[in-house]
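This is what each chain is made of:
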Amino acid sequence: DHDARVVVQNVAPEDRAGARQRLRAYAAELAGYVPDYVFAHIDPVTVHTGLWRDLRVLEHLDGLLKRQRCRAIFLLVASADGARHTPEEVLAWEAEYDWPLRHRNDNGDLRETETALYLDAIEPFNRRAGQIRAVLVNQIGWDVAGLGRRMPPGLTMTDCLHGADLVFDQSIYEPFGARLVQAAAAGT
């Protein structure tokens, strides 16, 4: 039997504001600007998650944001195999080629389906888009050791759900959209 219980908690406005502030600080460290909007998607890299749908929506939003003169960042927190990169790898990649803004597929950074997602979808999107930057955070764990020097103190994975302006989850099939319920309970 599958236990479909989901822990949902109401989030106080001041807690949501704190999550939003921490998430924007991380986004600003990554992108080099404070985005007007932060979008997030937290899911494994699998066919059923429909991640290409996110990019189609982002293409549409990019045009709308251009007319409004706004910028956004899309944080895709996703891993293909659930394995964690070591802190030493992350720090080296961050220094060498600006991980997670950029990735390489010849050194263990990109794994399995992450390679096609990044090289065939995210990288081309970023070349075309003017107002949105898509960032693949392909790391399990959400801490300074796992996400590098730009990670602000206190930022948690839950902040992605509570502090984002929009949470994506356009799965092909989903028995229950737990992350969407958690985000909605926070007012996202």
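Residues numbered from 1 in each chain as written. Predicted model: local features only at pLDDT ≥ 70, side-chain atom pairs only at ≥ 80, totals over all residues. Heavy atoms only, no water.

Participant: It is not clear to me how the environment of L136 should be interpreted in this structure. Could you clarify?
Facilitator: Within the secondary structure layout, L136 lies in strand β3 (residues 132-137). When its relative accessible area of 0% is taken as the criterion, L136 is described as buried. Spatially, the C-alpha atoms of L136 and H41 are 9.8 Å apart, while their sequence positions differ by 95 residues. Beyond its immediate sequence surroundings of up to four residues, L136 is in contact with L76, A78, P100, H103, L110, E114, L117, Y118 and I122. (Helix = DSSP H or I, 4+ residues; strand = E, 2+ residues; numbered from the N terminus. Buried < 20%, exposed > 50% of the residue type's maximum accessible area, 1.4 Å probe, protein only. Contact = heavy atoms within 4.5 Å.)

Participant: Looking at this structure, how should I read the sheet that holds strand β2 (residues 72-77)?
Facilitator: Sheet strands pair via backbone hydrogen bonds, and the direction of the pair is either parallel or antiparallel. With respect to topology, four strands assemble into an open sheet ordered β3-β2-β1-β4, the strand pairing being parallel. The sheet is open, and its two edges are formed by β3 and β4 (166-167), each paired on a single side. Relative to β3, β2 runs parallel, the two being bridged by six bridges. The partner of F74 across the bridge, within β3, is A134. (Pairing = 2+ DSSP bridges.)

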